[in-house]
Amino acid sequence: MGILIMALYPIYFTDNTCIRCGKKDCLRYLDNRGHVVKDPIYPISKIVCTNCGETYYINWIKEDDNHIRPICVDKHYMDFVESKMEEYALSHRRCIKIY
């Protein structure tokens, strides 16, 4: 009988390891102008791996000490979040009558 191991998504590493290629300390931030930066000082929009070139979207998670950590998520996760937001907006919209 095999052992079933379950992992919660998203999986992330605290040592700046790329999820796709597994190389450590290769993730950099893309700012809003498309420039690669090491530190998230400027407004950042994505994370990119300098080894394999994979681009990730960012999900911010809150840690115990009120510090937030950016983690890599793929396009499918972002599509899921957007669809849930759209469902919520459509189910809670008001019908406005214009006279």
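As a starting point, this report considers the structure included with it. Everything numeric in this text was worked out from a predicted model, so none of it was measured.

Further remarks concern the pattern of salt bridges. For side chains of opposite charge, pairing can occur when their charged atoms come near one another. Applying the stated criterion to the full structure yields three salt bridges. The shortest N-O distance in the salt bridge between E54 and R20 comes to 3.3 Å. Here the residue E54 occupies a position in the loop between β3 (44-49) and β4 (55-62), and R20 occupies one in the segment before β1 (27-31), the gap between them amounting to 34 residues.

Moving on, we come to the pairing of β4. In this sheet, β4 lies alongside β3 in antiparallel orientation, the contact comprising two bridges. Residue pairing across strands places I47 opposite Y56, the latter belonging to β4. Between β3 and β4, which follow one another and run antiparallel, lie five residues, and G53 among them has a positive phi close to 85°. Pairing geometry for β4 and strand β5 (residues 68-73), over six bridges, is antiparallel. Its bridge partner lying in β5, I58 is registered against C72.

What counts, and where the lines are drawn
Residues numbered from 1 in each chain as written. Predicted model: local features only at pLDDT ≥ 70, side-chain atom pairs only at ≥ 80, totals over all residues. Heavy atoms only, no water. Salt bridge = Lys/Arg side-chain N within 4 Å of Asp/Glu carboxyl O. Helix = DSSP H or I, 4+ residues; strand = E, 2+ residues; numbered from the N terminus. Pairing = 2+ DSSP bridges.

Shape descriptors only; they carry no functional weight alone.
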